[in-house]
Amino acid sequence: MRIPVLALTAASAMVAALALPAGATAATATAAASAAAGADGGGRRFDQPYAGFAPAGTVLRPASPRAAGLDPAPIAAFEEQVDAWADPASGAGYLFPGATSLMVHDGKVVERSATGYATRYSAPQTELPEDQWTPARTDTIYDLASLSKLFTSLVAVQQLEAGTIRLDSPVADYLPEFAVNGKGAITVRQLLTHTSGLAPDPEPALWQGYPDIPSRVKAILDTAPVNPAGTTYTYSDLNMLTMQLVLEKVTGRSLDTLVREDITRPLHMTDTGYNPPASKLPRIAATEYEATPARGLVHGEVHDENAWAMGGVAGHAGVFSTVDDLAVLAQAILNGGTYRGHRVLSRHGVSLLEENFNQAFPGDSHGLGFELDQIWYMSGLSGPRTMGHTGFTGTSLVIDPESRSFAILLTNRVHATRTTPSTNPARRGIAGALAQAMPVKAPGGGRSWFSGQGGGATSTLTTGPLNASGTVDVDFRSFVNTESTDRLRLEASSDGGATWQPVTLQVTGTGAPTGGATSLSGQAVRAWWRVHAEVPNAASGLELRWRYTTDSVYEGRGVNLGGLRVTDGTHVLIDGDKPDAPLTSAGWRELPAGGGH
C-alpha cells in the first residue's frame, strides 16, 4: 500500500503548504499543488552543475517528475523496488517493514510516498494481529538515529559563528576535565570530522556501566583515546557526545533546547525533536524489541541505548523527524542557510558543512558534521560537494548542491530486530534514481547512448567490421559518472572479435585525466569530455567497441556517449549521428536525438 506524491490528499497538501503563508488552508494548499504540478518548467540538467547556493527564496512545492524536467521512469522503478523491499514475501530482499521517501529537484518535490508498515511486530518473528498494524504514511515520524549528529553539528556551526567556540581550539578550553587521559590536544574540528582519536563507542556502554546521567557524563569526559588526535579517521559517537557537552557548557542551554530554539522552531519543523510527546505516538514508527536492556518493544523512545541512557537527548542520536521536516532543513542548506526568510546559518556557515576537512584521509571526506562524497549510499548523486549522513535505524539524507537536489529515505529497518539485511541498497536506490531521472544531453544534440547498468554487469557498443586502412582516428564525447573501479574503455579487435585490445585515449575537458588513459571513470566532475584515439596500422575488418563494466559493489549514475566518429585519412568509416551507422548495442540505450537522460 503506497501513498504517492501527487495524490491530492491531505498528505500532498501538507507539502504544498510548505510554500504557502501561515494560515493557508488545506484546500488552498491542494489547489497550489495541482497548479504547481501542471505549470512548473524543466529543471537543470545533471551535466550542467550549479555553482553556489540556490536563490534564498526557493521554497518547496510539489510537481510531477515530468513537469520538473525529469524522466519519471527511474523514480517509478524506485517506488516499485521499495515496495518489494518492504514486503516479507521478498525473502532475503526484505529490508524493512516500512519506509517513507522524498525526492526534490530545484525546489520541486517530485517524489513523496510511503510503503509498508510503521508498526507490524510485537517481537522478533512475531506479528501483531493484522488489525493492529499501522501503515507507514508520508507524515510518519521516524527515529533518525545518527542523522541526529547533523543537528548537533548545525548547532556547533551556529556557535562557531557566534564566537562562543573556535574550530581549532582544544576541547579542554571549554571542558577542562576532558583533558585527562591524554586528550588535551583534541580540537573542536577533530570532534566534528571524526579525527579526534576517540573510540567508536563508550566502553562499557553508558546504559550498562553507570547508575545515572552525571556518572555517564563523567565517563564521556574520562574516556581515553585509542589513537593520537589527528592521525586517523574513526567514526565515533563519543565525538558527538563530547560536542554536546561543549555546546551545553558554552551556551548554558541543553542540546534539545538549542536544537528547538535555533533550528526547528525558526524553520517550523514541528515534527522534529527529541523525546516526542505521547500525543504523536500513533504517527511514530516502532523500532526494536529489546530484551537487553529490558525495554520491550521500543516505540516513541530513542532506539540507541546510549542516547536512552542520556535521557533521550544525546549528541549522536535521539532526534525524531519526518521527510517533510527534513526537506525543509535540506532546502535551507541548499539556499545558503535560510528558508522562507528564517536564517539558521550564514552562507559561510553552510560552506563549512561542504568543505572537505579530511583531505589527509582519502575516502573519508568530511565537512563539519556532514559526510561528503560517499558513493556507498549517495550513488549517482555523489560528488566532492555532496553532503549527507545515514542512521542505524535505516535512515539516510543526501544533499547534492551541484544539482540542487536531495533524497530522503526514512525506514524502521530495526523493527522488531536489528538483525536485518543492510538498508544500503535502498539508500543507493533512491539517490541513484534521482540522479538518473535528471537529463544529460550530448553536445550538439546528435545520437547518443546511455548505460546506467547495475553492479557486476557489462555494456558494449560495437561497430561492424570496418574497411579501414592505415591509422584510424576515433573521436567521441563522454559523460562519466561512475565508481572509480567501474570503467569505460575503447577496445579494438582485428580477429573478428575473438580478442580485444585497449586503445589509449587522449581526453580533454574540465577535470579530464591527463596524459594517455586506457579507461575513464569517477565522479569528481560533471562535464562532457572530448576523447580522441588512434589505432595505427589498421586493416580491413577492424572492429571497435565501447565497453562499460561495473563491479559488484557500488555504481554511479552511469555513462553517456555521443558524437561518435571514426575515420581513416579522408574516409568516414562511422558517423554515429547517422541512423544507419553500423553499431550494435548490448546494454546501452539509445537516447532520442537532441534529448537525453
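A quick note: this is a predicted structure, and the numbers were derived from the prediction, not measured.

### Topic: the overall build of the protein
Secondary structure summary: the protein contains 14 helices and 31 strands in total. Taken over C-alpha atoms, the radius of gyration comes to 26 Å for the protein, in line with the 25 Å a tight globule of 597 residues would show. Counting only C-alpha atoms, the protein reaches 85 × 60 × 50 Å along its principal axes. In the protein, which comprises 597 residues, the share counted as buried stands at 58%. Within the protein, residue pairs in contact and separated by at least 24 positions form 72% of the contacts whose partners lie at least 6 positions apart. Element-wise, carbon and sulfur atoms account for 52% of the exposed surface of the protein, whose accessible area totals about 21,600 Å². Taking the 44 positively charged and 57 negatively charged side chains of the protein as two groups, their mean positions are separated by 5 Å.

### A few points about the side chain of Thr-140
Mapped onto the fold, Thr-140 is located in the loop between strand S7 (134-135) and strand S8 (142-143). Of note is the side chain of Thr-140, whose polar atom sits 2.7 Å from the backbone nitrogen of Arg-137. Aside from chain neighbours lying at most four places away, what touches Thr-140 is Thr-100, Ala-118, Pro-135, Arg-283, Ala-285, Ser-321 and Thr-322.

### Remarks on the nonpolar core
Phe-151, Met-243, Leu-267, Ile-399, Phe-406 and Ile-408 are the most contacted members of the largest nonpolar core, which has 85 residues in total. With nine residues, helix H11 (residues 323-334) is the single largest residue contributor to this core. Judged by nonpolar contacts, the second largest core, of 34 residues, contains Leu-461, Val-480, Ala-538 and Leu-564.

### Notes on the pattern of salt bridges
On inspection of all chains with the given rule, the structure shows 24 salt bridges. Here Asp-168 makes a salt bridge to Arg-189, at a shortest N to O gap of 2.6 Å. Highlighted residues: Asp-168 in the loop between helix H4 (148-162) and helix H5 (188-192) and Arg-189 in helix H5, separated in sequence by 21 residues. Asp-168 gets classed as partly exposed once you look at its relative accessible area, which sits at 49%. Judged by relative accessible area, Arg-189 falls into the partly exposed class, the value being 24%.

### Brief notes about the sheet that holds S8
Reading across the sheet, the three strands line up as S8-S12-S9 and stay open at both edges, with antiparallel pairing between neighbours. Strand pairing shows two members of the sheet lacking a second neighbour, S8 and strand S9 (273-274), which therefore form its edges. Here S8 pairs with strand S12 (residues 319-321) via two bridges, running antiparallel. By the bridge assignment, Tyr-142 is partnered in S12 with Ser-321.

### Things to note about helix H7 (residues 213-222)
Owing to its 3.6 residues per turn, the α-helix aligns residues three or four sequence positions apart on the same side. Every buried residue of H7 is listed here: Arg-216, Ala-219, Ile-220 and Leu-221. The inward-facing, buried residues of H7 abut helix H6 (206-209), helix H8 (237-251) and helix H10 (305-309).

### Some points on the confidence of the model for the protein
Detailed conclusions should not be drawn from predicted coordinates in areas where pLDDT is low. Summary statistics for the protein give a mean pLDDT of 93 and a share of 92% for residues scoring 70 or more. This model gives residues 5-41 a pLDDT under 50, and the stretch forms 63 contacts once residues within four places in sequence are excluded.

### A short note on the side chain of Ser-148
By the secondary structure assignment, Ser-148 is in helix H4. Among the polar contacts made by the side chain of Ser-148, one reaches the main-chain amide nitrogen of Val-319 at a distance of 2.9 Å. Every residue in contact with Ser-148, bar those within four places of it in the chain, is listed here: Gly-315, His-316, Ala-317, Gly-318 and Val-319.

### Section: the pairing of strand S18 (residues 405-411)
In terms of burial, S18 is largely enclosed, as seven of its seven residues are buried. Residue alternation in S18 divides its side chains into two sets, Ser-405, Ala-407, Leu-409 and Thr-411 and Phe-406, Ile-408 and Leu-410, and both sets are buried. Examined bridge by bridge, strand S3 (residues 98-105) and S18 share seven bridges and lie antiparallel to one another. Within S18, the residue paired with Ser-101 across the bridge is Leu-409. The antiparallel pairing of strand S17 (residues 395-400) with S18 creates a hairpin that spans four residues between the two strands, and Arg-404 there sits at a positive phi of about 50 degrees.

Scoring rules and cut-offs
Residues numbered from 1 in each chain as written. Predicted model: local features only at pLDDT ≥ 70, side-chain atom pairs only at ≥ 80, totals over all residues. Heavy atoms only, no water. Helix = DSSP H or I, 4+ residues; strand = E, 2+ residues; numbered from the N terminus. Rg over C-alpha atoms; globule rule 2.2 N^0.38 Å. Buried < 20%, exposed > 50% of the residue type's maximum accessible area, 1.4 Å probe, protein only. Contact = heavy atoms within 4.5 Å. Areas by Shrake-Rupley, 256 points an atom, 1.4 Å probe, with all protein chains shown as cover. Lys, Arg positive; Asp, Glu negative; His and termini not counted. Charge placed at Lys NZ, Arg CZ, Asp CG, Glu CD. Polar contact = N/O pair within 3.5 Å; in protein donor to acceptor, adjacent residues only side chain to side chain. Core = buried A, V, L, I, M, F, W, Y, C linked by side-chain atoms within 4.5 Å. Salt bridge = Lys/Arg side-chain N within 4 Å of Asp/Glu carboxyl O. Pairing = 2+ DSSP bridges. pLDDT = per-residue confidence, 0-100.

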